[in-house]
Amino acid sequence: MQSTLGVGFVGSGPVTQAIHLPTLARLTDDFTVRHVNDIDATLAGTVAARVGAAHSTSLAALLDDPLVDVVAVCSPHAFHAEHVIAACRAGKKAVLCEKPLAMSADEGAAIAAVSVDTGVPVLVGAMHTFDLGWRAATANWGDLPAASHTIRSSIVLPPNARFEDLATEVLARPAFPTVDVSDVQVRANMVHAGVMGLAIHDLPLIRSLLPRHDDLRVISASFVTPFGYRILMVVGGKVVELHAAMSQTWQPSWVLDAYADDLVLHTEFTPSYVHAGSAVSTLTTAESARVFGPSASNGYEAEWLELAAIVRGEDAPPDLDGVVDDLRFAVAVADAAADAVRAAVKAEAAA
């Protein structure tokens, strides 16, 4: 019997290559990569060869592999629900799904139902929620969720390739699509994609600061070229600002702030694909500033270690009702922001 948990990857793109494989290379006491699956046979074989794993182009082949205990779903977003449900029904010990868990609340609810029915725990790989610098702040922030009035997520990053190439030599990187951003529907779709692909990192953290989220109202939303968004909304009685922009400069910035009258939380995260320790969180009052982090372990390691603890019965499985609520909130933000982009253009045309 293998002493480590065998991992099988569905999808072998940059997320698998530059995030998860380098992470698991640091966690060999707990995990061994056993199988890499991709519709591109050459890519799957080449990535698998790097870690001495089997490879396939058939999901069934991965799910039938007896050495695979844990399935990591790193396929395109639209296939997450299908692949997570299949892994649960195959009776694996756990599933780690890259964010977002699915593309609709109904899909998320279906995943939760299958997870309960099969007893297979499902973890969403939203690394910020596992980040030790963030978690230390949440354990010490007192009444900030009730008292905060303004929340801001600001993300300014160079293209992913810069950090992917620092982590590994990425094979077969998909080209960024060329789109006509003069088309309002394209801009609305890009904002939607930005929320589900980028803001999705911080939206569960933002939701943890909200008393409710069913009263969401997007005040304004716009697309930022070449890729990004500006979104202003009111939800749970709080003002929430989301800002993201791709920048050709080197200096990245990923910051989440929450403001109350007498307390401010300021968290600085490392960019995606960077394996460089945890976030640094600062809780500031008129009298003092308390700093949490950085820890040597980053959110990527923390999510995998939590999954191992769940499989071994040392931790409880995640609350999937809460996970589905996170997804429901993210989809609502993405849909409302896309609608706001379209409405703004229509209003301009009518003026």
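A quick note: this is a predicted structure, and the numbers were derived from the prediction, not measured.

(A) Main features of the side chain of T168. Residue position: T168 is located in the loop between α9 (160-167) and α10 (184-197). Contact partners of T168, with chain neighbours within four places excluded, come to Q17, A18 and R50.

(B) A look at a negative patch on the surface. Residues D143, D261, D262 and E287 make up a contiguous surface patch of negative charge. Exposure remark for E287: the relative accessible area of 70% places this residue in the exposed category.

(C) Structural detail: the packing of aromatic side chains. Here the structure, examined in full by the defined rule, presents three aromatic pairs. A centroid spacing of 5.1 Å and a plane angle of 75° characterise the contact between F31 and W304, whose relative ring orientation is edge-to-face. In this pair, F31 sits in strand β2 (residues 31-37) while W304 sits in helix α12 (residues 299-311), placing the two residues 273 residues apart along the sequence. W304 matches F31 in its accessibility class, with the two residues each being buried. Ring geometry for W134 versus W141: centroids 5.6 Å apart, planes at 85°, classification edge-to-face.

(D) Focus on the sheet that holds strand β13 (residues 280-284). Pairing is mixed in the open sheet, where eight strands are placed in the order β8-β9-β10-β7-β11-β12-β13-β14. The sheet is open, and its two edges are formed by β8 (217-223) and β14 (289-292), each paired on a single side. Neighbour to neighbour, the strand axes of the sheet diverge by 10° on average, direction disregarded. Of the pairings in the sheet, the one linking strand β9 (residues 228-235) to strand β10 (residues 238-246) comprises eight bridges and is antiparallel in character. Across the sheet, the residue bridging to I231 is L242, located in β10. Sheet strands in contact with helix α13 (residues 320-350) are β8, β9 and β10, and its direction is about 65° off that of β8.

Rules of the game
Residues numbered from 1 in each chain as written. Predicted model: local features only at pLDDT ≥ 70, side-chain atom pairs only at ≥ 80, totals over all residues. Heavy atoms only, no water. Helix = DSSP H or I, 4+ residues; strand = E, 2+ residues; numbered from the N terminus. Contact = heavy atoms within 4.5 Å. Patch = residues over 30% accessible without salt bridge, like charges linked within 9 Å, V, L, I, M, F, W, Y side chains within 5 Å. Areas by Shrake-Rupley, 256 points an atom, 1.4 Å probe, with all protein chains shown as cover. Salt bridge = Lys/Arg side-chain N within 4 Å of Asp/Glu carboxyl O. Lys, Arg positive; Asp, Glu negative; His and termini not counted. Charge placed at Lys NZ, Arg CZ, Asp CG, Glu CD. Buried < 20%, exposed > 50% of the residue type's maximum accessible area, 1.4 Å probe, protein only. Phe/Tyr/Trp six-rings, centres within 6.5 Å; stacked < 30°, edge-to-face > 60°. Pairing = 2+ DSSP bridges. Axes fitted to C-alpha atoms, helices over the stretch in contact; angles between N-to-C directions.

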